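Listed below, chain by chain, are the residues.
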Amino acid sequence: MAKKERWASRLGLVLAMAGNAVGLGNFLRFPAQAAANGGGAFLIPYLVALLVMGVPLIWVEWAMGRYGGQHGHHSTPGIFDSIGRRPYWKYIGVFGLWSNLIIASFYLYIESWTMAYSAYSLLGGFQFTPPDRFFDNITGNVPNSIWAFSVPGLVMFALCIMINIFILSRGLAAGIELVSKIGMPLLILFAIVIAIRGLLIVPGSEAATAASYNFVDTKAVASPFEGLRFLWEPKFTSLADPKVWLAAAGQIFFTLSIGMGSIHCYASYLREQDDVVLTGSSAAWTNEFCEVILGGSILLPIAVAYLGLQAVQNMTAGGSGFGIGFMTFPTLFQNWGVLAPVAGFLWFGLLFFAAITSSLAMGQPIMSFFQTEFGFSRPKSALAFGAMLLPFAAPVAFLNSRSFFDEFDYWAGTFALVVLATAETVLFAWVFGMDRAWAEIAKGADMRVPRVFYYIIKYVTPVFLIVILIAFTLKPEGKVVIGVDPVTKQVTTEDRGWTPYITGWFGKEKVPGWRWATDGMIGLLLYRDLAVERETLEKQLLPTNPALNSELEQSTRAKLAFLPKLQTLRQIDRGAMVFAFLFFCGLVWYSWRKRAANGTEPPERPKAEKGKTIPKETKR
Amino acid sequence: MSHMSREAVIMLVLVWGVILANMLYCFYRLLTSERQLGGDDHE
């Protein structure tokens, strides 16, 4: 008899699940999103979204995973099939394999940068090399070229993939759980050290009052607490802005790794009576600790201390701290004297641990699929994951990041997650039945779930998700005029998304004409971002442009010539993504057909009478 | 801390309090629970 794989301990499982959720976004995206969306007031919709969507979905995914595991499935096609019992559910479950493969192909690339940055920091390389040049060296980034690769970058990427495959091939307890038990405490320790050192920065202008701290830094222009104030000062007017609520719900969604299929997979290795409520909540709150408390105390305070509030406000206006984290921090750490190499190593080291514990969770569902549905051994399924990864990782590493990289990030890393989460909520709460779902969540629970969550999971969470899905899909540009220069008569506009279409009805502002947003699903599908870029570049070439000179004209024409090539690359990568999805569908179809031919199809699930729960599930 | 406004400090303390209280409560329950995973089983 084959020994079934299990987690070795509850703490290990919590750390693995928390590691899955804690990723680069906790330290780079959250602070920038919060600062760009109302500071402390952003945390109000953020916590509301955590309660009505995040935590309920965590319990739903854990319970679904454990249920599927009892029926011999460890990946979403099988788990959805065992719950839905209609043929199409297993194909909807394919999203949980497909998105992991596509996300892993670019996420591992970023992970390899964190490895390269931490090693280079420790060697003191950033004393001599500006971070932007180092970034270009490892990515091979050349403006307006379809090619973007470098040998050192490819070597680091290959090394990173091999490390992940090696860890995955060691199994749950000896691989993922062990790495999480080492990586998560180190990540927290590194983050605490950087945060404390950052908050102890005293700008030279305050030396007379704070000299006793011995951290007086003549290069610092402001107190790090200015950065904390920027993050935490509540701007309550932002609560009336629908854009802020959507941003908060989106942040909760992505930070908890919901809708990926990795939580289902990890939970499927639990026993029938193992608790999912307390264990799932522990992982979710650990993620919040890493995101809000640690993530909120590093990026902005240190950046504001050295660059000033205005510069950081401009850098985070787009809601991303990626530029500060990779391009600015290595330079800022040079102000820390002998601590500089260690600080760089700790910062990129913590980003590496955050990334690897998440990337392992992307590989595991695909491995589990090959193991359970095709009977592959663990090493063989790890290699199969690697083989499937290569055709998608190669274009990410070789081609311009605005093609495969960005497209994979949006379609698999954003849109597909919302689709899968919406589908799973409908499946669990409505198809499986809320009474059965509630009983499944409560089975073996170490903590009582308040009854109000029964109604939240049944009504509020699906509505919340459907609203997010519609908002993402149909997102309008929402261009509103925010000012006219009295002298030049130049009009300043701002893209405000859904806001003017909602608040406009209450007479607050004029409702603009409808145009698809460049970052909405339909807008991206129609290449609206490229069209807007083309319009802007063509305006620069107009003879009326006072800044036009031969150098600007040459570079603008080069950019214009690059746009059609970029569009072609995007068409190819969309074709590749569709092919990958159909390929997974083919594998699912084949394995189910084989299962049916062998007579190993699971028995019919007994139907629940309304208001009653079935005492014991039918097990194969 | 003199650079922080009163509203910012209140917001920070409230949100940090909610998160820390929940996390510590969950870990307290988890680590004091006698139920554990693990052990062998066969299918």
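Computed from a prediction, not measured in an experiment: that's the story for all the values here.

Undergrad: Explanation requested: the overall build of chain B in the structure shown.
TA: The helix and strand inventory of chain B stands at 1 helix and 0 strands. Accessible surface, chain B as shown: approximately 2,900 Å² in total, 61% of it carbon and sulfur.

Undergrad: What is the right way to read the overall build of chain A from this model?
TA: Each helix and strand counted, chain A has 26 helices and 4 strands in total. What you see for chain A is a C-alpha radius of gyration of 25 Å, in line with the 25 Å of a compact globule of 620 residues. Principal-axis analysis of the C-alpha atoms places the extent of chain A at approximately 75 × 55 × 50 Å. Buried residues in chain A amount to 60% of all 620 residues. A sequence separation of at least 24 residues applies to 77% of the contacts in chain A between residues at least 6 apart. Carbon and sulfur atoms make up 66% of the accessible area of chain A, which totals about 24,000 Å². Across chain A, 51 positive and 42 negative side-chain charges occur, with their mean positions spaced 7 Å apart.

Undergrad: Explain the interface of chain A and chain B here, please?
TA: Contacts between the two partners involve 45 residues from chain A and, on the opposite side, 31 residues from chain B. Summed over the three residues of chain A that lose the most area to chain B, namely Arg10(A), Trp232(A) and Trp285(A), the buried surface amounts to 20% of that side. Scanning the region where chain A abuts chain B turns up 0 salt bridges. Among the secondary structure elements, those contributing two or more residues to the side of chain A that touches chain B are helix H1 (10–21), helix H3 (43–70), helix H11 (224–232) and helix H14 (277–294) of chain A. It is H14(A) that provides the largest number of residues to the side of chain A that touches chain B, a total of 10 residues. Counted by class, the side of chain A that touches chain B contains 22 nonpolar, 10 polar and 13 charged residues.

Undergrad: Just checking my understanding: could you explain the packing of aromatic side chains for this structure?
TA: The geometry of an aromatic ring pair comes down to the distance between the two centres and the angle between the two planes. Residues and elements named next belong to chain A. On inspection of all chains with the given rule, the structure shows 55 aromatic pairs over all chains. Ring centres of Tyr 454 and Tyr 455 lie 5.0 Å apart, and the angle between their planes is 65°; on these two criteria the pair is classed as edge-to-face. Accessibility expressed as a relative area gives 8% for Tyr 454, which makes it buried. A relative accessible area of 43% means that Tyr 455 is categorised as partly exposed.

Undergrad: Please explain the packing of helix H6 (residues 95–122) of chain A against helix H20 (residues 404–431) of chain A as it appears in this structure.
TA: Residue and element names in this part refer to chain A. Interhelical geometry of H6 versus H20 gives an angle of 140° and a closest axis separation of 9 Å. One way to sum up the angle between H6 and H20 is to call them oblique. Every pair of crossing elements has a handedness; the one defined by H6 and H20 is left-handed. The segment H6 lies against H20, with Phe 95, Gly 96, Trp 98, Ser 99, Ile 102, Ile 103, Ser 105, Phe 106, Tyr 109, Ile 110 and Trp 113 engaging Phe 405, Phe 408, Asp 409, Trp 411, Ala 412, Gly 413, Ala 416, Leu 417, Val 419 and Leu 420.

Undergrad: Teacher, can you tell me more about the pairing of strand S3 (residues 479–484) of chain A here?
TA: Working note: regular strand, side chains alternate between the two faces of the sheet. Residues and elements named next belong to chain A. Inspection of the sheet shows S3 paired to strand S4 (residues 491–495) by 5 bridges, in the antiparallel sense. By the bridge assignment for S4, Val 481 is matched with Thr 493. Here S3 hands over to S4 after 6 residues, with Lys 489 in that stretch at a positive phi of 65°.

Undergrad: Just to check I follow, could you spell out empty space enclosed by the protein for this structure?
TA: Residue and element names in this part refer to chain A. Under the criterion given, the structure shown has 1 cavity of 30 Å³ or more. Within this model, the largest cavity holds a volume of roughly 50 Å³. Contributing to the lining of the largest cavity are Met 17, Asn 20, Ala 21, Ile 58, Trp 62, Leu 256, Ile 263, Gly 280, Ala 283 and Ala 284. Taken together, the residues of the lining of the largest cavity break down into 8 nonpolar, 2 polar and no charged.

Undergrad: Explain the nonpolar core to me, please; I cannot follow it from the model alone.
TA: Soluble globular proteins tend to bury their nonpolar side chains together. Counting 201 residues, the largest nonpolar core has Phe27(A), Trp98(A), Trp232(A), Phe329(A) and Trp347(A) as the members making the most contacts within it. The greatest single-element share of this core, amounting to 19 residues, is contributed by helix H18 (residues 340–374) of chain A. Contact partners of Trp232(A), with chain neighbours within four places excluded, come to Gly40(A), Leu43(A), Val292(A), Ala8(B), Met11(B), Leu12(B), Val15(B) and Trp16(B). In terms of nonpolar packing, the next biggest core, distinct from the first, is built from 8 residues, Tyr527(A), Leu537(A), Phe562(A) and Leu566(A) among them.

Undergrad: Is there a simple way to explain the confidence of the model for chain A in this structure?
TA: Overall, the predicted model of chain A reaches an average pLDDT of 92, with 95% of residues at or above 70. Confidence drops under a pLDDT of 50 for residues 608–620 of chain A, and excluding neighbours within four residues, the segment shows 28 contacts in the predicted structure.

Undergrad: Would you explain unusual backbone geometry in this entry?
TA: Note on backbone geometry: most residues besides glycine have negative phi, and most peptide bonds are trans. Residues and elements named next belong to chain A. Phi is positive for Arg 85, which is not a glycine, with a value near 55°. Despite not being glycine, Asn 144 shows a phi value in the positive range, around 60°. With respect to the helices and strands, the residue Asn 144 is situated in the loop between helix H7 (131–139) and helix H8 (151–169). For Asn 144, a relative accessible area of 30% gives the class partly exposed.

Undergrad: What is the right way to read the environment of Leu159(A) from this model?
TA: Here Leu159(A) lies in helix H8. Taking the C-alpha atoms as reference points, Leu159(A) and Met184(A), separated by 25 residues in sequence, lie 21 Å from one another.

Undergrad: Could you clarify how one ought to interpret a nonpolar patch on the surface in this entry?
TA: Nonpolar side chains collect at one region of the surface, where Val426(A), Trp430(A), Val431(A), Tyr455(A), Tyr459(A) and Val460(A) lie side by side and expose about 530 Å² of accessible area between them. Structurally, Val460(A) is set in helix H22 (residues 452–473).

Conventions and cut-offs
The numbering scheme is per chain: residues are counted from 1 as the chain's sequence reads. Here the convention is simple: chains get letters from A, ligands get numbers from 1, in the order in which they are written. This being a predicted model, a pLDDT of at least 70 is required before a residue's local features are given, and a value of 80 or more before pairs of side-chain atoms are given or counted; all residues contribute to the totals for chains, interfaces and linings. The side-chain figures draw on all heavy atoms in the structure; neither hydrogens nor water molecules are used. Helix and strand labels come from DSSP, where a helix needs a run of H or I of at least four residues and a strand needs a run of E of at least two; each type is numbered from the N terminus. Accessible areas in this description were obtained via Shrake-Rupley with a 1.4 Å probe; residue shielding takes into account the shown protein chains only. For this measure, only C-alpha atoms enter the radius of gyration; the expected value for a globule follows 2.2 Å times N^0.38, where N is the number of residues. Only protein chains enter the accessibility calculation, which uses a 1.4 Å probe. A residue is then buried if its area is under 20% of the maximum for its type, exposed if over 50%, and partly exposed in between. Contacts are assigned to residue pairs that have any heavy atoms within 4.5 Å of one another. Positive charge is attributed to Lys and Arg, negative charge to Asp and Glu, and no charge count is given to His or to the chain ends. Where a charge lies is defined by one atom per residue type, namely NZ (Lys), CZ (Arg), CG (Asp) and CD (Glu). Summed over both partners, the accessible surface that disappears when two parts come together, traced with a 1.4 Å probe, is what is meant by buried area. For salt bridges, the criterion is a side-chain nitrogen of Lys or Arg within 4 Å of an Asp or Glu carboxyl oxygen. In this classification, Asp, Glu, Lys and Arg are treated as charged, Ala, Val, Leu, Ile, Met, Phe, Trp, Tyr, Cys and Pro as nonpolar, and every other residue, Gly included, as polar. Stacked, tilted and edge-to-face are the three classes assigned to paired rings of Phe, Tyr and Trp, where Trp is represented by its six-membered ring and a pair needs centres within 6.5 Å; plane angles under 30 degrees give stacked, over 60 edge-to-face, the rest tilted. Orientation is described by lines fitted to C-alpha atoms, with helices fitted over the stretch in contact, and by angles between N-to-C directions that extend from 0 to 180 degrees. To sort the angles, those under 35 degrees are grouped as roughly parallel, those over 145 as roughly antiparallel, those from 65 to 115 as roughly perpendicular, and the leftovers as oblique. Crossing handedness: left-handed means the near helix sits turned counterclockwise from the far one by under a right angle, and right-handed means the same turn made clockwise. Any two strands with at least two DSSP bridges between them are considered paired. Using a grid of 1 Å spacing that covers the protein atoms alone, one calls a set of points a cavity when a 1.4 Å probe fits there but cannot get out, and a pocket when the set is open and has protein on both sides within 12 Å along at least five of seven lines; lining residues are those with an atom within 4 Å of a point. Grid points are joined across faces, edges and corners, and a volume is the space filled by probe spheres set on the points. In these notes, a set of buried Ala, Val, Leu, Ile, Met, Phe, Trp, Tyr and Cys residues joined through side-chain atoms within 4.5 Å is what counts as a nonpolar core. Confidence scores per residue from the predictor, reported as pLDDT, run from 0 to 100. Patch building starts from residues that exceed 30% relative accessible area and form no salt bridge, then joins like charges within 9 Å and nonpolar side chains (Val, Leu, Ile, Met, Phe, Trp, Tyr) within 5 Å.

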